[in-house]
Amino acid sequence: MAMTAEVYFVDGARTPFGRAGEKGMYWGTRADDLVVKATVGLLERNPNLPKDAIDDVAIAATTQQGDQGLTLGRTAAILAGLPKSVPGFAIDRMCAGGMTSVTTMASAIGFGAYDVALAGGVEHMGRHPMGLDADPNPRFLTEKMVAQDALFMGNTAERIHDRFPSLTKERSDFYGMRSQQKVEAAYQAGKIQPDLVSVAIQSTAGWGLATEDEGRRPATTMEGLATLKTPFRPHGRVTAGNSSPLTDGATMSLIASGEAVEKYGLTPKMRLVNFAFAGVEPEVMGLGPVPSTEKALRKAGLAIDDIGLFELNEAFSVQVLSFLDHFGIDDDDPRVNLWGGAIAIGHPLAASGPRLMMQLARQFAEHPEVRYGLTAMCVGLGQGGSVIWENPNWNGKA
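Positions within a chain are numbered from 1, following the residues in the order the chain's sequence is written. A pLDDT threshold of at least 70 governs which residues receive local features in this predicted model, and a stricter bar of 80 or more applies before side-chain atom pairs are shown or counted, although totals over entire chains, interfaces and linings include all residues. Calculated side-chain values reflect all of the structure's heavy atoms, with hydrogen atoms and water omitted.

1. Overview of the overall build of the protein chain
Put simply, DSSP H or I for four residues or longer makes a helix, DSSP E for two residues or longer makes a strand, and each gets a number counted from the N terminus. Helix and strand counts for the protein chain stand at twelve helices and twelve strands. For the protein chain, whose C-alpha radius of gyration is 20 Å, the value lies close to the compact-globule estimate of 21 Å for 398 residues. If you line up the protein chain on its principal axes, its C-alpha atoms span 60 × 55 × 50 Å. Partly exposed describes any residue whose relative accessible area lies between the buried limit of under 20% and the exposed limit of over 50%, with all areas from a 1.4 Å probe on protein chains only and scaled to the type maximum. The buried share of the protein chain, reckoned over its 398 residues, is 57%. Taking all contacts inside the protein chain whose residues are at least 6 apart in sequence as the whole, residues at least 24 apart take part in 79%. For the accessible areas, the method is Shrake-Rupley and the probe is 1.4 Å, while residue cover comes only from the protein chains on display. On the protein chain, roughly 16100 Å² of surface is accessible, and the fraction owed to carbon and sulfur atoms is 54%. C-alpha atoms define the radius of gyration in this analysis, and the globule rule sets the expected value at 2.2 Å times the number of residues to the power 0.38. Every residue pair with non-hydrogen atoms within 4.5 Å of one another is taken to be in contact.

2. What to know about the pattern of salt bridges
In the sections that follow, a salt bridge refers to a side-chain nitrogen of Lys or Arg positioned within 4 Å of a carboxyl oxygen of Asp or Glu. In the structure shown here, the tally under the stated rule is 23 salt bridges. Ionic pairing is found between Asp173 and Lys169, a salt bridge with its closest N-O pair at 2.6 Å. Taken as a pair, Asp173 and Lys169 lie in helix H6 (residues 169-188) at a separation of four residues, close to a single helical turn. Accessibility expressed as a relative area gives 3% for Asp173, which makes it buried. Judged by relative accessible area, Lys169 falls into the buried class, the value being 14%. The salt bridge partner of Glu390 is Arg371, with a shortest N-O separation of 2.8 Å. With Glu390 in strand E12 (residues 383-390) and Arg371 in the loop between helix H12 (352-366) and strand E11 (372-379), the pair connects residues that are 19 residues apart, well separated along the chain. Given the relative accessible area of 13%, Glu390 is considered buried. Relative accessible area serves as the criterion here: at 31%, Arg371 is assigned to the partly exposed category.

3. As for the UniProt feature "active site" (unreviewed entry) in the protein chain
UniProt positions are given in the numbering used here, feature names are shortened, and annotations may be inferred rather than shown by experiment. Mapped onto this numbering, the UniProt entry gives "active site" (unreviewed entry) at Cys95, His347 and Cys378. Spanning 284 residues, the annotated positions come together in the fold, the maximum distance between their C-alpha atoms being 11.6 Å. For Cys95, the location among the structural elements is in the loop between strand E4 (88-91) and helix H3 (97-111). Mapped onto the secondary structure, His347 falls in the loop between helix H11 (342-345) and H12. Those residues in contact with His347, other than ones at most four positions away along the chain, are Cys95, Met125, Ser244, Pro245, Thr247, Asn313, Ala315, Ala342, Ser352 and Met377.

This is the structure we're talking about:
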């Protein structure tokens with residue numbers, strides 16, 4: 001008989017996100033070591049939890065090779081000092097990998113098979129660029145299943161601009177600028193730092209310590225954005241200023257049942273209400289969060305107006321704007337990405353989902369008047385993922 005245990009997001013921690021490539025702070029750091037740092041940091045913050053109580057470890061990565069391969073959930077668990085009795089596995093849903101780690105572990109807890117699990121993701125896009133050594137089946141093109149440029153995310157963003165003329169470059173640039181400003185304001189107010197785990201880094205200059213996200217550009221202006229190149233199309237609309245940068249980083253979250261929360265004296269930050277994944281045409285993969293959100297809301301018996309806080313992954317400005325337009329939400333609505341997003345912080349593919357959850361959880365604590373929040377993201381090859389959360393601090397007032 002299927003059981004339906006309450007499922008909670010207890011806590012989350014992450015490494016600072018670094019610029020991908022030789023000039024990035026993690027160029028000399030292994031991907032699995034980033035996962036270990038996030039895992040150890042998270043467990044140190046939750047000393048009441050016996051390590052042997054963890055039922056499983058799910059870690060996502062999009063490009064599973066080298067130091068980002070070898071069944072990461074198991075190898076990272078061993079490297080992080082978890083008992084050998086704790087199993088683990090690797091998972092891949094491209095950009096929504098970490099989100100899928102969370103929903104997969106949550107499903108096992110909801111069913112009653114697990115009580116406590118770790119779920120996270122990592123992407124070292126400097127060492128393992130997206131699609132490196134991939135061999136797409138030739139049928140995709142010969143049978144015209146997918147347009148050739150659908151495998152390049154920037155081209156799919158340009159196609160959304162094509163499809164919706166109201167989504168102008170100026171709107172995308174303004175959204176990108178606001179993301180930078182909001183992240184900087186959040187840093188100045190100390191909102192982001194509590195969930196960051198410092199990482200020792202090595203470069204030609206010697207040893208250092210990564211303590212903050214590296215790619216932020218708080219001085220961004222509309223004038224500056226207007227001059228940027230459009231690499232995916234001549235006279236296009238997608239630029240480095242309205243897109244998430246290539247990024248390295250790792251995230252980890254602690255998911256538990258209501259019984260486990262009580263047993264180990266844990267303080268949950270969010271309760272999982274429902275989640276959904278949905279597919280769309282790969283050529284416009286950025287539209288994926290629209291059907292996945294509609295599906296999640298329908299399953300939860302909620303409407304979009306019930307959502308008081310949104311954490312939407314900013315793969316591209318136009319992807320978020322298409323979501324907002326569909327649901328009739330203003331571009332600068334204060335409920336949406338209150339502390340900015342991936343355009344400033346970065347989007348290390350499989351790691352991003354739990355980052356959205358961490359930021360939503362922090363905002364829940366500050367907004368007891370909000371009952372429900374949403375974390376959502378688009379996914380390469382035409383998918384969307386959405387998770388609806390309930391605020392345990394909700395005071396019952398609208």
